[in-house]
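# A look at the structure
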Amino acid sequence: MSNLPANLRYAPSHEWVLDHQDGTVTVGISDHAQQALGDVVFVELPEVGAALSKGQEFGVIESVKAASDLYSPVTGEVIEVNEALEDAPETVNEAPYEGGWIMKVRLDDSALEDLLDADAYQATLSAED
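These remarks concern the structure in this document. (Residues numbered from 1 in each chain as written. Predicted model: local features only at pLDDT ≥ 70, side-chain atom pairs only at ≥ 80, totals over all residues. Heavy atoms only, no water.)

Quick look at helix α4 (residues 118-128) now. Those residues of α4 that fall on the buried side of the exposure criterion are Ala118, Tyr121, Gln122 and Leu125. One face of α4 carries all of its buried residues, which in axial projection span an arc of 100°. Residues of α4 that are exposed and point more than 90 degrees away from the buried face comprise Asp119 and Ala127. Looking at the buried positions of α4, the neighbouring elements they touch are β1 (9-10) and α1 (31-37). (Buried < 20%, exposed > 50% of the residue type's maximum accessible area, 1.4 Å probe, protein only. Helix = DSSP H or I, 4+ residues; strand = E, 2+ residues; numbered from the N terminus. Arc of directions from axis to C-beta. Contact = heavy atoms within 4.5 Å.)

Printed below as a string of structure tokens:
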């Protein structure tokens, strides 16, 4: 069973969102997603300053098994990327909710309500199995 912190919101495409309550969020991929990918060997990061729309592809994550597109769970501007992933992409596997975050976004709107809470996300994972 995947580790699903209750303080995060989740997209059906397996990205998580941490709301900082100041109009910014941190985004990464879920523990379930990193387990499914296997050993992550590369993360394509978005550009700082990029404007993203919810559902828009913003990068790619590659593992020894597969490559998977990353989709923005929110609309806003990229204000920071986790440059440490360039040299240590495996951090996504080791700490998907801590050091393995991918980007920080300043929200254009605060519509996080349509993202899933941990229980609802777990239900979608159970339905996939």
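With respect to the helices and strands, the residue Leu112 is situated in the loop between β9 (103-107) and α4. Residue classification places Leu112 among the buried residues on the basis of a relative accessible area of 8%. Residues within four places of Leu112 in sequence aside, it is in contact with Arg9, Val17, Asp19, Val25, Val74 and Leu107.

Here the focus is a nonpolar patch on the surface. A contiguous nonpolar patch, built from Val41, Phe42 and Val64 and spanning about 270 Å² of accessible area, is present on the exposed surface. Note that Val41 resides in strand β4 (residues 40-43). (Patch = residues over 30% accessible without salt bridge, like charges linked within 9 Å, V, L, I, M, F, W, Y side chains within 5 Å. Areas by Shrake-Rupley, 256 points an atom, 1.4 Å probe, with all protein chains shown as cover. Salt bridge = Lys/Arg side-chain N within 4 Å of Asp/Glu carboxyl O.)

Looking now at unusual backbone geometry. Positive phi, normally seen in glycine, also occurs at His14, with a value near 80°. Among the structural elements, His14 can be located in the loop between β1 and β2 (15-19). We note that Gln21 has phi near 65°; this positive angle belongs to a residue other than glycine. If you trace the backbone, Gln21 turns up in the loop between β2 and β3 (24-29). Among the residues examined, Gln21 registers a relative accessible area of 68% and is labelled exposed.

Spatially, three strands are ordered β4-β6-β7 in an open sheet, and the strand pairing comes out antiparallel. This sheet does not close on itself; its edge strands, each paired only once, are β4 and β7 (67-71). Direction aside, the axes of adjacent strands within the sheet are offset by 25° on average. Relative to β7, strand β6 (residues 57-63) runs antiparallel, the two being bridged by five bridges. Note that in β7 the partner of Glu62 across the bridge is Ala67. (Pairing = 2+ DSSP bridges. Axes fitted to C-alpha atoms, helices over the stretch in contact; angles between N-to-C directions.)

Bringing the sheet that holds strand β5 (residues 51-52) into the picture now. Working definition: the strands of a sheet are paired by backbone hydrogen bonds and lie parallel or antiparallel to each other. Taking strand neighbours across the sheet as the criterion, the six strands line up as β1-β2-β3-β9-β8-β5 in an open arrangement whose pairing is antiparallel. Both outer strands of the open sheet, β1 and β5, are each paired with one neighbouring strand and no more.

On to a negative patch on the surface. On the surface, Glu44, Glu57, Glu62 and Asp69 cluster together into a patch of negative charge. Mapped onto the fold, Glu57 is located in strand β6. Of the residues examined, Glu57 reaches a relative accessible area of 42% and is grouped as partly exposed. (Lys, Arg positive; Asp, Glu negative; His and termini not counted. Charge placed at Lys NZ, Arg CZ, Asp CG, Glu CD.)

By themselves, these are just geometric observations and shouldn't be taken as functional.
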